[in-house]
Amino acid sequence: MKRLIMLCIILMAGIAGCGTTEDKGSQSEENQNSGAGEDISVQKGIVAGEMEPSLTKQEESGQIVYVYSIKNQTEQEKTFVFSSGQTIDFELRNDKGEVVYKDSKNKMYTQAIQEITVKQGEEFSQKVVLPKVGSGTYTLTVWLTAKGDQNYKAKAEVQLD
């Protein structure tokens, strides 16, 4: 009888100990979400920054050209997988928010999987040549068309004459 009681006490202590461990685990997750505890973030890997998209205006032989770039500010290589020859897409919206031009509309791209790897501190860039549309103020939005990833949108206000 004493052995049975001792066995029950040991089992109850073990179960109580398991419950305590789970509570500590949830506290660690709370600390992680609130930014406390540097050691926890180190376990997941150090991230110095993010992938930073940008648009830069250039003028080339009378055409308005923007350069879409995405810079790798993280401490790991980033590989983008594309299901076609299209790597970016863009659209122009008028001041009413209506899409007046979308680059991929009525276009065909090669159907081949391609990968682009952007190393730490490097960037992927591609030129965007704006089409001739009526004069006015437009919002240019450019994004990456990689599969299963963020689209890394960049926007700029464009004045066309």
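To be clear, the structure that these remarks concern was listed above.
Residues numbered from 1 in each chain as written. Predicted model: local features only at pLDDT ≥ 70, side-chain atom pairs only at ≥ 80, totals over all residues. Heavy atoms only, no water.

### Quick look at the packing of aromatic side chains
All told, the structure shown has two aromatic pairs when counted by the stated rule. Pairing F80 with Y152 gives two aromatic rings, centres 5.9 Å apart and planes at 85°, and the pair type is edge-to-face. Taken as a pair, F80 in strand β3 (residues 78-82) and Y152 in the loop between β8 (136-144) and β9 (154-160) lie far apart in primary sequence, 72 residues in all. With a centroid separation of 5.7 Å and an interplanar angle of 40°, the aromatic rings of F90 and Y101 are classed as tilted. Of this pair, F90 sits in strand β4 (residues 88-93) while Y101 sits in strand β5 (residues 99-102); the two residues are eleven residues apart in sequence, bridging distant segments of the chain. On the basis of relative accessibility, which here comes to 4%, the residue F90 falls in the buried class. Residue classification places Y101 among the partly exposed residues on the basis of a relative accessible area of 23%. Geometry around W143 places K153 over its ring, the cationic atom sitting 5.7 Å from the centre. (Phe/Tyr/Trp six-rings, centres within 6.5 Å; stacked < 30°, edge-to-face > 60°. Helix = DSSP H or I, 4+ residues; strand = E, 2+ residues; numbered from the N terminus. Buried < 20%, exposed > 50% of the residue type's maximum accessible area, 1.4 Å probe, protein only. Lys NZ or Arg CZ within 6 Å of the ring centre and 35° of its normal.)

### Remarks on the pattern of salt bridges
Across all of its chains, the model carries two salt bridges by this definition. A salt bridge links E91 to R93, with the shortest nitrogen-to-oxygen separation between them at 2.8 Å. In this structure, D103 engages K107 in a salt bridge whose closest nitrogen and oxygen atoms are separated by 2.6 Å. (Salt bridge = Lys/Arg side-chain N within 4 Å of Asp/Glu carboxyl O.)

### Quick notes on the nonpolar core
Counting 25 residues, the largest nonpolar core has Y68, F80, L130, L140 and L144 as the members making the most contacts within it. For this core, the secondary structure elements donating two or more residues are β1 (51-60), β2 (63-72), β3, β4, β6 (114-118), β7 (123-129), β8 and β9. F80 has contacts with M51, I70, Q114, E115, I116, V118, L144, A146, D149 and Y152, leaving out every residue within four places of it along the chain. (Core = buried A, V, L, I, M, F, W, Y, C linked by side-chain atoms within 4.5 Å. Contact = heavy atoms within 4.5 Å.)

### Looking at the sheet that holds β5
Read across the sheet, four strands follow the order β5-β4-β8-β9 without closing on themselves; strand pairing throughout is antiparallel. Two strands bound the open sheet, and with one partner strand each, they are β5 and β9. In this sheet, neighbouring strand axes are inclined to one another by 25° on average, regardless of whether the strands run parallel or antiparallel. Examined bridge by bridge, β4 and β5 share three bridges and lie antiparallel to one another. The residue bridging R93 from the neighbouring strand is V99, located in β5. (Pairing = 2+ DSSP bridges. Axes fitted to C-alpha atoms, helices over the stretch in contact; angles between N-to-C directions.)

### Describing the environment of K57
Following the sequence through the fold, K57 ends up in strand β1. What makes K57 partly exposed here is its relative accessible area of 45%. Along the sequence, K57 and V158 sit 101 residues apart, while their C-alpha atoms lie 9.3 Å from each other. Among residues more than four places away in sequence, those in contact with K57 are I64, V65 and Y66.

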